[in-house]
Amino acid sequence: PLMFKRKPEDELGKENVFSKLGKSITASRNLKAGVIIKMGDLTGKICKKNYSPVRNSVSFIGEELKNNIPKGSPILLEDLVSK
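Residues numbered from 1 in each chain as written. Predicted model: local features only at pLDDT ≥ 70, side-chain atom pairs only at ≥ 80, totals over all residues. Heavy atoms only, no water.

Undergrad: Got a minute to help me understand the overall build of the protein chain in this structure?
TA: Within the protein chain one finds 1 helix and 2 strands. In the protein chain, the order of α-helices and β-strands from amino to carboxyl end is α-β-β. Surface accessibility of the protein chain: about 6000 Å² in total, with carbon and sulfur atoms responsible for 58%. (Helix = DSSP H or I, 4+ residues; strand = E, 2+ residues; numbered from the N terminus. Areas by Shrake-Rupley, 256 points an atom, 1.4 Å probe, with all protein chains shown as cover.)

This is the structure:
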């Protein structure tokens, strides 16, 4: 049994705590343009500004980077060739 009622999908990630503590997708190592992203290339960290949330990591895997991304820097949808 669930302790809490499940939230509707459109409300997930919009909770107030995510504006302060939500982790953004970042590069786990220096990534060069042209690389096809693998799970090991991604990590998450709390940034001053919210970027792509780590819960969306699966949509980055298998995508090609069009920009160099330094280790620890956020990866944005705009950094992907197909997005």
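Now that the structure has been shown, the text picks up again.
Undergrad: I tried to follow the confidence of the model for the protein chain on my own but got confused; where do I start?
TA: Residues shown with low pLDDT carry predicted positions that ought not to be read at fine detail. Confidence in the prediction for the protein chain averages 86 pLDDT; 83% of positions are at 70 or higher. Considering each helix and strand of the protein chain separately, the mean pLDDT is smallest for helix α1 (residues 16-21), with a value of 59, and largest for strand β1 (residues 23-27), with 93. (pLDDT = per-residue confidence, 0-100.)

Undergrad: For this particular structure, what's the right way to read the pattern of salt bridges?
TA: When their charged atoms lie close together, side chains carrying opposite charge are able to pair. All chains considered together, the criterion is met by 1 salt bridge. The residue Asp41 makes a salt bridge to Arg29 at a minimum N-O spacing of 2.9 Å. Of this pair, Asp41 sits in the loop between β1 and β2 (42-46) while Arg29 sits in the loop between β1 and β2, and the two are 12 residues apart along the sequence. Asp41 gets classed as buried once you look at its relative accessible area, which sits at 3%. (Salt bridge = Lys/Arg side-chain N within 4 Å of Asp/Glu carboxyl O. Buried < 20%, exposed > 50% of the residue type's maximum accessible area, 1.4 Å probe, protein only.)

Undergrad: Even after reading the chapter, I still don't get the environment of Arg29, so can you show me in this structure?
TA: Arg29 gets classed as partly exposed once you look at its relative accessible area, which sits at 37%. Residues Arg29 and Ile69, 40 residues apart in the sequence, show an inter-C-alpha distance of 8.4 Å.

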